[in-house]
Amino acid sequence: MTPSPSLSLVTCSFRGDFDACVLLCESADRFVPDEIVHELVVPRQDVELFAPLASSRRRITPTDAYLPPSFHLVPMPPPAWRRRLRLPRRNVYATPYSAPVRGWIAQQILKISAVLNGPADVVIHLDSDNAFIRDLDPTLILRDGKARLYEAASPVDSDSHRQWHAAACRLLGIHPPTPATADYIDQMVVWTKDQTRALTERIERTTRHPWYVTLARTRQFAEYELYGVHAREVVGIDQAGVFADSQSLCHARWEGNFAGPEDVDAFVSSLEPYHVVCLLQSTLDLDVAHRRHIFARVEAQARKQDASRSRP
């Protein structure tokens, strides 16, 4: 018998998201099977802060274990001064072959490298501002040896999504660019090591540069769009060893602060039975106590839904 692919949960985080990450880890300990190792990838200077979150099923890895060695962290003032000086919220990196790399771009490169160089065959990407609200069933991730590919039935109609799709086509050598027929951006996204390696090799054949050099020089791209377009347009879904699923596993509040209790009530009641995680975007004006309260309410709503479905 062919052994089942190994699974891991990977969260790229940093000091500014520590409080949110604590909530994610607490929820993962309750709802994620023990055999799925949770890896927190954080800047080396933040390892000590995150160290108490380590356990027998969670490890803390410094970003420089995965980022190319040519990436050098630019010293930045503390978060309060960053806000006062209107500096980027995330870290900035210097390289010898590109302009300074914004933290958002560096994090995408980090996610790719963490899959390529990590131990697992299949990786679930999940950012710090999420929390699990019901059990993670591994069959949602792997079916008959194939890994899940989130593929929304229609693309998001926005300038940023159009730019990300155009960048994916350019980086993958798709000429002329294909029109976007789906969307691959979500909160809980599954990648395989094999397809991530094939993706980076395709970028290198197309651009004739190491994949991370090309991406460091690219100002606008989305790693999830790259992976999805590669699987669908370059390799083909069947050949890529994935199964497409248009149903998001995440109940999300992307933007717009909660207007009050009624707004929170509406958010909680709109939970769907297939949602496994809940996102409260890190940029929302919510302190950790308020985040914990909303997550707890969503989790209670999930229990109520599950109990209702289990009744004869």
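Undergrad: Got a sec to walk through the environment of Val-101? Specific residues and values, please.
TA: Structurally, the position occupied by Val-101 is in the loop between β5 (93-94) and α4 (103-117). The class of Val-101 is buried, set by a relative accessible area of 2%. With 118 residues separating them along the chain, Val-101 and Arg-219 place their C-alpha atoms 8.5 Å apart. Those residues within four positions of Val-101 in sequence are excluded, and the remaining contacts are Phe-71, Asn-91, Val-92, Tyr-93, Thr-95, Ala-106 and Ala-216.

Undergrad: Would you mind going over the sheet that holds strand β9 (residues 146-150) in detail, with residue names and values included?
TA: Think of a sheet as strands paired side by side through backbone hydrogen bonds, with each pair either parallel or antiparallel. In space, the three strands of this open sheet follow the order β8-β9-β11, with mixed pairing throughout. Lying at the two open borders of the sheet, with one neighbouring strand each, are β8 (142-143) and β11 (242-245). Bridge count for β8 against β9 is two bridges, and the pairing is antiparallel. Looking at the pairing, Arg-143 lines up with Lys-146 of β9.

Undergrad: Break down the packing of aromatic side chains for me, with residues and values.
TA: Evaluated as defined, the whole model comprises nine aromatic pairs. Summarising the aromatic geometry, the rings of Tyr-97 and Tyr-212 are spaced 6.2 Å apart at their centres and angled 50 degrees between planes, so their arrangement reads as tilted. Separated by 115 residues along the polypeptide, Tyr-97 in the loop between β5 and α4 and Tyr-212 in helix α7 (residues 211-216) bring together distant segments of the chain. One aromatic cluster in this structure is built from Phe-71, Tyr-93, Tyr-97, Trp-211 and Tyr-212. Here the basic side chain of Arg-253 rests over the ring of Phe-258, its NZ or CZ set 4.2 Å away from the ring centre.

Undergrad: Tell me about the pairing of strand β3 (residues 58-62), and name the residues and values.
TA: Of all five residues in β3, four are buried; the element is thus mostly enclosed. Pairing of strand β2 (residues 37-42) with β3, which is carried by five bridges, proceeds in the parallel orientation. Along β3, the bridge assignment pairs His-38 with Arg-58.

Undergrad: Any chance you could break down the sheet that holds β3 for me, citing the residues and the numbers?
TA: Across the sheet, five strands lie side by side as β3-β2-β1-β6-β10; this open sheet has mixed pairing. Of all strands in the sheet, those with a lone pairing partner are β3 and β10 (189-192), marking the two edges. Within the sheet, the average angular offset between the axes of one strand and its neighbour, ignoring direction, is 30 degrees. Relative to strand β6 (residues 122-125), strand β1 (residues 7-12) runs parallel, the two sharing four bridges. Directly across from Val-10, in β6, lies its bridge partner His-125. Along the sheet, helix α8 (residues 223-235) makes contact with β6 and β10, crossing β10 at roughly 55 degrees.

Undergrad: Describe in detail the pattern of salt bridges, supporting the description with residues and values.
TA: Enumeration over the complete set of coordinates arrives at 21 salt bridges. Close ionic contact of Arg-232 with Glu-151 constitutes a salt bridge, the shortest N to O distance being 2.7 Å. One end of the pair, Arg-232, is in helix α8; the other, Glu-151, is in the loop between β9 and α5 (159-171), and 81 residues separate them in sequence. Here Arg-297 ties to Asp-265 by a salt bridge, and the two come within 2.8 Å at their closest N and O atoms. With Arg-297 in helix α11 (residues 288-310) and Asp-265 in helix α10 (residues 261-269), this residue pair connects regions lying 32 residues apart in the sequence. Three or more residues are tied together by salt bridges with common partners; here these are Asp-29, Asp-34, Arg-57 and Arg-58.

Cut-offs applied
Residues numbered from 1 in each chain as written. Predicted model: local features only at pLDDT ≥ 70, side-chain atom pairs only at ≥ 80, totals over all residues. Heavy atoms only, no water. Helix = DSSP H or I, 4+ residues; strand = E, 2+ residues; numbered from the N terminus. Buried < 20%, exposed > 50% of the residue type's maximum accessible area, 1.4 Å probe, protein only. Contact = heavy atoms within 4.5 Å. Pairing = 2+ DSSP bridges. Phe/Tyr/Trp six-rings, centres within 6.5 Å; stacked < 30°, edge-to-face > 60°. Lys NZ or Arg CZ within 6 Å of the ring centre and 35° of its normal. Axes fitted to C-alpha atoms, helices over the stretch in contact; angles between N-to-C directions. Salt bridge = Lys/Arg side-chain N within 4 Å of Asp/Glu carboxyl O.

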